Amino acid sequence: MIEYENLYKTNKSFLADYKKAFADVAKKGFYILGKAVDEFENEFADYCGVKNCIGVASGLDALIISLKIFRIKPGSEVIVPSNTYIASILSIIHCGLVPVLVEPDIKTYNIDPDKIENAITSKTAAIMPVHLYGKMCDMDPIIEIAKRHKLKVIEDCAQAHGAQYKKKKAGTFGHCNAFSFYPTKNLGALGDAGAIVTNDPELAGQAKIYRNYGSKIKYYNEVVGYNSRLDELQAAFLSVKLKKLDEINNYKRKLAAIYLKKIREDFTKPFVQDDYYDIYHIFNIRHPQRDKLKKYLIDQGIRTEIHYPVPPHKQKALRDLLGDKSYPVSEAIHASTLSLPISYGHTQKDIYEVAEKINGFK
Ligand SMILES: *Cc1c(COP(=O)(O)O)cnc(C)c1O
């Protein structure tokens, strides 16, 4: 059987270093906001090419705190792609702001810059581009529009650790940008974790205050903050894995290249563009008979996933808020997309086998 992903296999080669990291942290006897978090923050900021990194408890919290520190007037609008993972939209709602969904480009699955301007109103405060599946958004036009309309940009980089657009990495374009280190992400922890990256020292300071009960000096609270700290242990594990992130990304690109070359042309494969370095957090194909294909692959011993089966505006949680409009591009993607096995724990042989089985689908 070829699993969609076995996280133990993904992490197996790091196990000895994880054990050492665990022992180091345990021995220090200091488990929250200590040296391991400091070190990881510096390393990850360097890796991304930004000045500041602030570790937090999850990707969702990284988005919420990123929005919160701009002190945007409640009721203001934030532009977000209609096909994103629900977390991006939830962060906007949790900050008392209004998500305005903009359709993706059917080729890239990322927000269509040509459709952003139409969605801007006098209430628009920010744009949240999401680099879906590990491919960056077309950032030049997005930044140009944001500058012209004086909007904040918060990149959702949860699926794009190390991905590049015109030689610049995810997290270097927006004012304040969010990463998730959920275990399945290309840089995944052994539990929940996230981070905010920014070049603005003022925003970085605010994010540090918000993640720790709104206080800079212990027991003195400046704002109504959160408890959203990155654990020392997770930070230590992340430092171990970060050293191999480029290797992980390159390996997944190598697996993706096999799929791109081998899979029949009547399946819609990810769009490859010059000047983009895609890291394939997810490798999806699209086919009109997706459900039949998924079932056929299970019968062939291959597990796949769907990212995502239901678009956000059709989710029970958001129907009342967003359900009155239709988003046909997003709906077409949700109805036809299938994510294939692609992880650091898969062999090239696994990938050849998946491609071969897909090509046998009638
Ligand atoms: C994973 C993910 C998040 C949320 O991250 P968590 O760490 O699970 O909170 C946000 N946005 C996108 C696009 C994601 O894929």
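Our structure is the block above this text.
Note that the structure is predicted; figures quoted are calculated from it, not measured.

A.B. asks: Sorry, what's going on with the sheet that holds strand E8 (residues 177-180) here?
C.D. replies: The strands making up a sheet are joined through hydrogen bonds of the backbone, oriented either antiparallel or parallel. Spatially, 3 strands are ordered E1-E9-E8 in an open sheet, and the strand pairing comes out antiparallel. Sheet topology places strand E1 (52-56) and E8 at the edges, where each strand pairs with a single neighbour. Going from strand to strand, the sheet's axes swing by 25 degrees on average, the running direction of each strand aside. Across the sheet, helix H8 (residues 201-211) is in contact with E1 and strand E9 (194-198); its angle to E1 comes to roughly 15 degrees.

A.B. asks: I would appreciate a short explanation of unusual backbone geometry in the present structure.
C.D. replies: The phi angle of most residues is negative, glycine excepted, and most peptide bonds adopt the trans form. Residue His-307 is joined to Tyr-308 through a cis peptide bond whose omega torsion reads 10 degrees. Note that Tyr-308 resides in the loop between helix H11 (290-299) and helix H12 (316-322). Even without being a glycine, Tyr-213 presents a positive backbone phi close to 60 degrees. Note that Tyr-213 resides in the loop between H8 and helix H9 (232-242).

A.B. asks: Quick question: what am I supposed to make of the sheet that holds strand E10 (residues 276-277) here?
C.D. replies: Strand order across the open sheet formed by 3 strands is E7-E6-E10, with antiparallel pairing between neighbours. Strands with a single pairing partner mark the edges of an open sheet, and in this sheet they are strand E7 (168-169) and E10. The sheet contact formed by strand E6 (residues 164-165) and E7 spans 2 bridges and is antiparallel. The residue bridging Tyr-165 from the neighbouring strand is Lys-168, located in E7.

A.B. asks: Honestly, the nonpolar core in this entry has me stumped. Any pointers?
C.D. replies: Taken as a class, soluble globular proteins show a tendency for nonpolar side chains to be buried jointly. Core analysis: the largest hydrophobic core is formed by 80 residues, its most contacted members being Phe-44 and Phe-181. Excluding residues within four positions of it along the chain, Phe-181 makes contact with Phe-40, Phe-44, His-161, Leu-187, Gly-188, Ala-189, Gly-191, Ala-193, Gly-194, Ala-195 and Leu-238. Among the nonpolar cores identified, the runner-up in size contains 34 residues, and Ile-69, Ala-204, Ala-207 and Tyr-327 belong to it.

A.B. asks: Would you mind showing me how to read the site of the ligand here?
C.D. replies: As a matter of local geometry, the ligand sits amid 13 residues, with Gly-59, Asp-156, Gln-159, Ser-180 and Lys-185 nearest to it. Gly-59 places a main-chain nitrogen or oxygen 2.8 Å from an oxygen atom of the ligand. One of the backbone nitrogen or oxygen atoms of Leu-60 is found 2.8 Å away from an oxygen atom of the ligand. About the coverage of the ligand: the protein hides 91% of its 380 Å² of free accessible area. The element contributing the most residues to the shell around the ligand is helix H4 (residues 59-68), with 3 residues. Of the residues in the shell around the ligand, the class split is 7 nonpolar, 4 polar and 2 charged.

A.B. asks: Would you explain the side chain of Arg-286 in this entry?
C.D. replies: Its location among the elements puts Arg-286 in strand E11 (residues 283-286). There is no salt bridge for the buried Arg-286, and the closest opposite charge comes from Asp-105, which lies 8.4 Å off by N-O distance. For Arg-286, the side chain forms a polar contact with the side chain of Tyr-109, separated by 2.9 Å. For Arg-286, the side chain forms a polar contact with the side chain of Ser-336, separated by 3.3 Å. Once residues within four sequence positions are removed from consideration, Arg-286 is found in contact with Ile-106, Tyr-109, Phe-267, Thr-268, Ala-332, Ile-333, Ser-336 and Thr-337.

A.B. asks: Can you help me understand the pairing of E8 in this one?
C.D. replies: Along a regular strand, successive side chains alternate from one face of the sheet to the other. By the alternation rule, side chains of E8 split into Asn-177 and Phe-179 and Ala-178 and Ser-180, which are all buried. Across 4 bridges, E8 lies against E9 in antiparallel orientation. Within E9, the residue paired with Ser-180 across the bridge is Gly-194.

A.B. asks: I'm lost on the pattern of salt bridges in this one. Help?
C.D. replies: When their charged atoms lie close together, side chains carrying opposite charge are able to pair. Tallying each qualifying case throughout the model produces 14 salt bridges. Note that Lys-35 and Glu-39 form a salt bridge whose closest N and O atoms lie 3.8 Å from each other. With Lys-35 and Glu-39 both in helix H3 (residues 35-48) and 4 residues apart, this pair spans about one turn of that helix. Residue classification places Lys-35 among the exposed positions, given a relative accessible area of 52%. The partly exposed category is assigned to Glu-39, whose relative accessible area is 38%. A single salt-bridge network, built from bridges that share partners, covers Glu-117, Glu-144 and Arg-148.

A.B. asks: Just to check I follow, could you spell out a nonpolar patch on the surface for this structure?
C.D. replies: Nonpolar side chains collect at one region of the surface, where Ile-217, Tyr-219 and Tyr-220 lie side by side and expose about 450 Å² of accessible area between them. With respect to the secondary-structure elements, Tyr-220 resides in the loop between H8 and H9.

A.B. asks: What is the right way to read the pairing of strand E4 (residues 124-127) from this model?
C.D. replies: Pairing between strand E2 (residues 77-81) and E4: 3 bridges, direction parallel. In the strand pairing of E4, Val-78 is matched with Ala-126. By the bridge criterion, 2 bridges tie E4 to strand E5 (residues 152-153) in an arrangement that is parallel. Its bridge partner lying in E5, Ile-127 is registered against Val-153. Regarding topology, helix H7 (residues 139-148) serves as the crossover connection from E4 to the parallel E5, and that connection is right-handed.

A.B. asks: Honestly, the packing of aromatic side chains in this entry has me stumped. Any pointers?
C.D. replies: Each pair of aromatic rings is reported with the distance of its centres and the angle of its planes. In total, this model carries 16 aromatic pairs according to the counting rule given. Plain terms: the ring middles of Phe-14 and Tyr-18 are 6.0 Å apart, the flat faces sit at 45 degrees to each other, and that makes the pair tilted. Between Tyr-259 and Phe-283, the ring centres sit 4.8 Å apart and the planes meet at 40 degrees, which makes this aromatic pair tilted. Within this pair, whereas Tyr-259 is found in helix H10 (residues 245-262), its partner Phe-283 is found in strand E11, the two being separated by 24 residues in sequence. This pair shows no difference in class: Tyr-259 is buried, exactly as Phe-283 is. One aromatic cluster is present, built from ring pairs that chain together Phe-14, Tyr-18, Phe-237, Tyr-251 and Tyr-344. In this arrangement the basic side chain of Lys-135 is found over the ring face of Tyr-276, its NZ or CZ atom lying 4.3 Å from the centre. Above the ring of Phe-173, the side-chain terminus of Lys-168 is found at 4.4 Å from the ring centroid.

Rules and cut-offs
Residues numbered from 1 in each chain as written. Predicted model: local features only at pLDDT ≥ 70, side-chain atom pairs only at ≥ 80, totals over all residues. Heavy atoms only, no water. Pairing = 2+ DSSP bridges. Helix = DSSP H or I, 4+ residues; strand = E, 2+ residues; numbered from the N terminus. Axes fitted to C-alpha atoms, helices over the stretch in contact; angles between N-to-C directions. Contact = heavy atoms within 4.5 Å. Core = buried A, V, L, I, M, F, W, Y, C linked by side-chain atoms within 4.5 Å. Buried < 20%, exposed > 50% of the residue type's maximum accessible area, 1.4 Å probe, protein only. Near = heavy atom within 4 Å. Polar contact = N/O pair within 3.5 Å; in protein donor to acceptor, adjacent residues only side chain to side chain. Areas by Shrake-Rupley, 256 points an atom, 1.4 Å probe, with all protein chains shown as cover. Nonpolar A, V, L, I, M, F, W, Y, C, P; charged D, E, K, R; others polar. Lys, Arg positive; Asp, Glu negative; His and termini not counted. Salt bridge = Lys/Arg side-chain N within 4 Å of Asp/Glu carboxyl O. Patch = residues over 30% accessible without salt bridge, like charges linked within 9 Å, V, L, I, M, F, W, Y side chains within 5 Å. Right-handed = clockwise from strand over helix to strand, strands pointing away. Phe/Tyr/Trp six-rings, centres within 6.5 Å; stacked < 30°, edge-to-face > 60°. Lys NZ or Arg CZ within 6 Å of the ring centre and 35° of its normal.

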